[in-house]
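Residues per chain are reported as follows:
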Amino acid sequence: MNGRSFWALPGPESFCDRILGNLVEGKSVVLFLPDRMPDGLKRTVMSDVAREAPDKCFYELFPSDFDPEDSPLASLFRFFEVKPEKGWSGDFLSCETLVQSESFKNGIVWIEEADGQNIRDWLSFLRKYEKASRNIELTERTLFCFCVVGLSPESVEIKQDVCLKFLPWKGYVDFFDMLLYAHWNFPVISEGGLRRELAVNMAACLALWDPEVIERLAESSFLNTLSPYSVLEEMGRERGWDVKGFEPCWENGAEEGRNGRLKLHSAYLALSDGLKELNSRIWSGQSTCLLPLIEEHRLSLIGSLKGNLRLPFPSCYESSITEAEDLEIGHIWFQIEKGDLHVTAQQKKRISKLRRLRNVLSHQQVAKPADIEFLIGCGRDFPDGGADKIPDPE
């Protein structure tokens, strides 16, 4: 891979900035995350904390650090070796004792992978801890980053408060994030930049919010990017999305809100009855690159035929077409078929293919890999004329 982090993208970076902003203000955060998350979030937050709050100690706690028989409070007392101060009176095992302990002060505690049965206990602890920590100076206050995986904020019993904020991973990734990430991940192709431009656009349109889609396609062949069905199906099966009774939702990573509408993951669409929507995404990636290229070919074609084209040409609008540059490829083809324009067999074949491909894309249909190769003008992936043998997507 390219070595650049997903969390350096503008959208994901803004999520990390919100985490850091709350921590700097002295607020603990509960991060609500879907089952499938890009790697590197903790590492990025650690780096941000080291830069913006260098006096804070960063602690990472794992399930192995906790005794399942103990409460979260008791586990923290043991982990941080909290001991009563001289002259202490009252309930020792309490949040009030914890926040004032010297061994616990001025840190950030990252907790993830807590199993389901303990999440409720931890959230209850965080609510009590929030109240106890309010009167502790920011320079001494220890804060929590607690990761809740596979649950939404609406499904938990506690609410946000003055020193406890909820940050769900929703709506932070847009198309331009994915476009930039695809640009980072797809290698430069020696045959020319158009192939890479096409691959990058198609991968971004398919990924929506999931960088793994881009990574998988970038590691695959150019042909698999043009026809990504098998790659997406494999992803969906690996995630268990082909299991009978599976329901896509934000919590399991198969659904996300985009521009006010819920969108299904492309890998789930590839496994379910979602080919129409999946093809629409493929078409979006194709048309962005190919329609401008067809326009370039049209103008080049007109330039080579100038003086032989019949003008004025009848138009479906009120006036006739008087300028050659205003002729569409279909108009040129009509003149050839009618016998008004004489071209070589090679030119006729080229014009026919351009016309067919433009009609396909104009009707929001997916272009065949062989036609794309013709348009790009590079058939090296199709030895011995193999382009014609590639099956069309059903």
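In this convention, every chain numbers its residues from 1, walking through the sequence in written order. Since the coordinates come from a predicted model, pLDDT governs what is reported: local features require at least 70, and pairs of side-chain atoms require 80 or more to be given and counted, while whole-chain, interface and lining totals use all residues. With hydrogens and water excluded, all non-hydrogen atoms of the structure serve as input to the side-chain values.

1. Brief notes about the overall build of the protein chain
Alright, step 1. Helical segments are the DSSP runs of H or I of at least four residues, strand segments are the runs of E of at least two, and each set is numbered from the N terminus. A count of helices and strands for the protein chain gives 15 helices and seven strands.
Alright, step 2. Just to be clear, the radius of gyration here is over C-alpha atoms, and the globule rule we use is 2.2 Å times residues to the power 0.38. Over its C-alpha trace the protein chain gives a radius of gyration of 29 Å, far above what one expects of a compact globule, namely 21 Å for 394 residues.
Alright, step 3. C-alpha atoms of the protein chain, sized along the principal axes, occupy 105 × 40 × 40 Å.
Alright, step 4. Categorising residues by exposure relies on relative accessible area from a 1.4 Å probe, with only protein chains included: less than 20% of the type maximum marks a residue as buried, more than 50% marks it as exposed, and the intermediate range marks it as partly exposed. Residues classed as buried in the protein chain amount to 47% of the 394 residues present.
Alright, step 5. Residue-level accessible areas treat just the shown protein chains as cover; the underlying method is Shrake-Rupley with a 1.4 Å probe. When the accessible surface of the protein chain is totalled, it reaches about 20,400 Å², and 48% of it is carbon and sulfur.
Alright, step 6. Looking at charge distribution, the protein chain has the averaged site of its 46 positive side-chain charges lying 5 Å from that of its 62 negative ones. In this charge count, Lys and Arg are treated as positive and Asp and Glu as negative; neither His nor the chain ends contribute. Every charge is mapped onto a representative atom, which is NZ of Lys, CZ of Arg, CG of Asp or CD of Glu.

2. Considering the confidence of the model for the protein chain
Alright, step 1. Taken over all residues, the pLDDT of the protein chain has a mean of 89, while the share at 70 or more is 90%.
Alright, step 2. For every residue, the predictor reports its confidence as pLDDT, a number between 0 and 100. When checking whether two residues touch, look at their non-hydrogen atoms; a contact exists if any pair is within 4.5 Å. Segment residues 378-394: pLDDT under 50, and 22 contacts once partners within four positions in sequence are set aside and those in other chains are kept.

3. Details of the environment of Asp 67
Alright, step 1. With respect to the helices and strands, Asp 67 occurs in the loop between strand S2 (57-61) and helix H3 (72-79).
Alright, step 2. In this structure the C-alpha to C-alpha distance between Asp 67 and Arg 78, which are eleven residues apart in sequence, comes to 9.8 Å.
Alright, step 3. Discounting chain neighbours no more than four positions away, the residues touching Asp 67 are Ser 75 and Arg 78.
Alright, step 4. Two N or O atoms form a polar contact when they lie within 3.5 Å of each other; inside protein one atom must be a possible hydrogen donor and the other a possible acceptor, and for residues adjacent in sequence the pair counts only when both atoms belong to side chains. Here Glu 69 takes part through its backbone nitrogen, which lies 2.9 Å from a polar atom of the side chain of Asp 67.

4. A short note on the state of the cysteines
Alright, step 1. Pairs of cysteine sulfur atoms within 2.5 Å are identified as disulfides in what follows. Inspection of the entire model under this criterion finds zero disulfides.
Alright, step 2. Residue Cys 163 stays outside any disulfide, its sulfur separated by 13 Å from that of Cys 95, the closest cysteine.

5. Topic: the pattern of salt bridges
Alright, step 1. When a carboxyl oxygen of Asp or Glu is within 4 Å of a side-chain nitrogen of Lys or Arg, the pair counts as a salt bridge. Counting across every chain of the model gives 24 salt bridges.
Alright, step 2. With a closest N to O distance of 2.8 Å, Arg 134 and Glu 130 form a salt bridge.
Alright, step 3. For Glu 212, the salt bridge identified is with Arg 239, shortest N-O distance 2.7 Å. In this pair, Glu 212 sits in helix H8 (residues 211-219) while Arg 239 sits in the loop between helix H10 (229-238) and strand S6 (255-258), placing the two residues 27 residues apart along the sequence.

6. Some points on unusual backbone geometry
Alright, step 1. Of note, the bond from Leu 311 into Pro 312 is cis; its omega dihedral lies within 30 degrees of zero at -5°.
Alright, step 2. Looking at the element boundaries, Pro 312 is found in the loop between helix H12 (275-305) and helix H13 (329-338).
Alright, step 3. Unlike most non-glycine residues, Glu 81 shows phi in positive territory, near 50°.
Alright, step 4. Here Glu 81 shows up in the loop between H3 and helix H4 (95-100).

7. Some thoughts on the side chain of Arg 216
Alright, step 1. Along the chain, the position of Arg 216 falls in helix H8.
Alright, step 2. Not counting chain neighbours up to four residues away, the residues in contact with Arg 216 comprise Val 231, Glu 234, Met 235 and Glu 238.

8. Some points on the nonpolar core
Alright, step 1. Buried Ala, Val, Leu, Ile, Met, Phe, Trp, Tyr and Cys residues that are joined via side-chain atoms within 4.5 Å together make up what is termed a nonpolar core. Residues Phe 15, Ile 19, Leu 31 and Leu 41 are the most contacted members of the largest nonpolar core, which totals 85 residues.
Alright, step 2. In terms of residue count, H12 provides more of this core than any other element does, ten residues in total.
Alright, step 3. Those residues within four positions of Phe 15 in sequence are excluded, and the remaining contacts are Trp 7, Leu 31, Leu 33, Leu 41, Leu 167, Pro 168, Trp 169 and Tyr 172.
Alright, step 4. One finds Phe 32, Leu 98, Trp 122 and Phe 166 within the second-largest nonpolar core, a separate group that totals 31 residues.

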